[in-house]
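# Coordinates in review
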Amino acid sequence: MHSLKALITSLSLAVFLAVSLPGAALANETGTESGDDVSILLDLVILRPVGLVATVAGVIIFVPSLLISIPTGSVGKTFNALVARPAVYTFWRTLGEEL
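The rules behind these values
- Residues numbered from 1 in each chain as written.
- Predicted model: local features only at pLDDT ≥ 70, side-chain atom pairs only at ≥ 80, totals over all residues.
- Heavy atoms only, no water.
- Helix = DSSP H or I, 4+ residues; strand = E, 2+ residues; numbered from the N terminus.
- Buried < 20%, exposed > 50% of the residue type's maximum accessible area, 1.4 Å probe, protein only.
- Areas by Shrake-Rupley, 256 points an atom, 1.4 Å probe, with all protein chains shown as cover.
- Expected span 1.5 Å × (residues − 1).
- Bend = angle between axes of the 7 residues up to and from the residue.
- Contact = heavy atoms within 4.5 Å.
- Salt bridge = Lys/Arg side-chain N within 4 Å of Asp/Glu carboxyl O.
- pLDDT = per-residue confidence, 0-100.

## What to know about the overall build of the protein
Summing up its helical and strand segments, the protein has 4 helices and 0 strands in all. Walking the protein from its N terminus toward its C terminus, one meets helices and strands in the order α-α-α-α. Looking at the 99 residues of the protein, the share that counts as buried comes to 23%. When the accessible surface of the protein is totalled, it reaches about 7000 Å², and 73% of it is carbon and sulfur.

Okay, here's the thing in structure tokens:
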């Protein structure tokens, strides 16, 4: 029970930081560069791990959702929403790049 509470607290903190810090990460002294060191560091330390968690959670949710998406013919749409988009965000975009 204690480890579940610690996991939920850690994930909540990560999501809070991911939501609250992007504005500060995109600003720099001159205001002209979009891929500065702070945004790259924020992306590497906070946003990529959150994206990885979202990708794994999407795969976990996608598998049981096949029971509904196969009969309705929406497997591709479900896969894109739950697995592909988080995976692209996590693994294929350049560090510090916005989507």
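## Details of helix H4 (residues 75-92)
For H4, which comprises 18 residues, the first-to-last C-alpha distance of 22 Å sits more than 12% below the rise-based estimate of 26 Å (1.5 Å per residue). The largest bend along H4 reaches roughly 40 degrees and is located at Ala81. Residues of H4 that are buried: Thr78, Val83, Pro86, Ala87 and Thr90. The secondary structure elements touched by the buried residues of H4 are helix H3 (37-72).

## Thoughts on the pattern of salt bridges
In this structure the tally under the stated criterion is 2 salt bridges. Residues Arg48 and Asp43 are paired through a salt bridge, measuring 3.1 Å at the closest nitrogen-oxygen approach. Side by side, Arg48 and Asp43 carry an identical accessibility label, which is buried. With its nearest N and O atoms 2.7 Å apart, the salt bridge here joins Arg93 to Asp43. Here Arg93, found in the segment after H4, pairs with Asp43, found in helix H3; they are 50 residues apart in sequence, far enough to count as distant. This pair shows no difference in class: Arg93 is buried, exactly as Asp43 is. Each of Asp43, Arg48 and Arg93 takes part in salt bridges that share partners, so that together they form one network.

## Structural notes on the confidence of the model for the protein
Residues with a pLDDT of 70 or more make up 68% of the protein, whose mean pLDDT is 81. No element of the protein has a lower mean pLDDT than helix H2 (residues 22-26), at 55, and none a higher one than H4, at 95.

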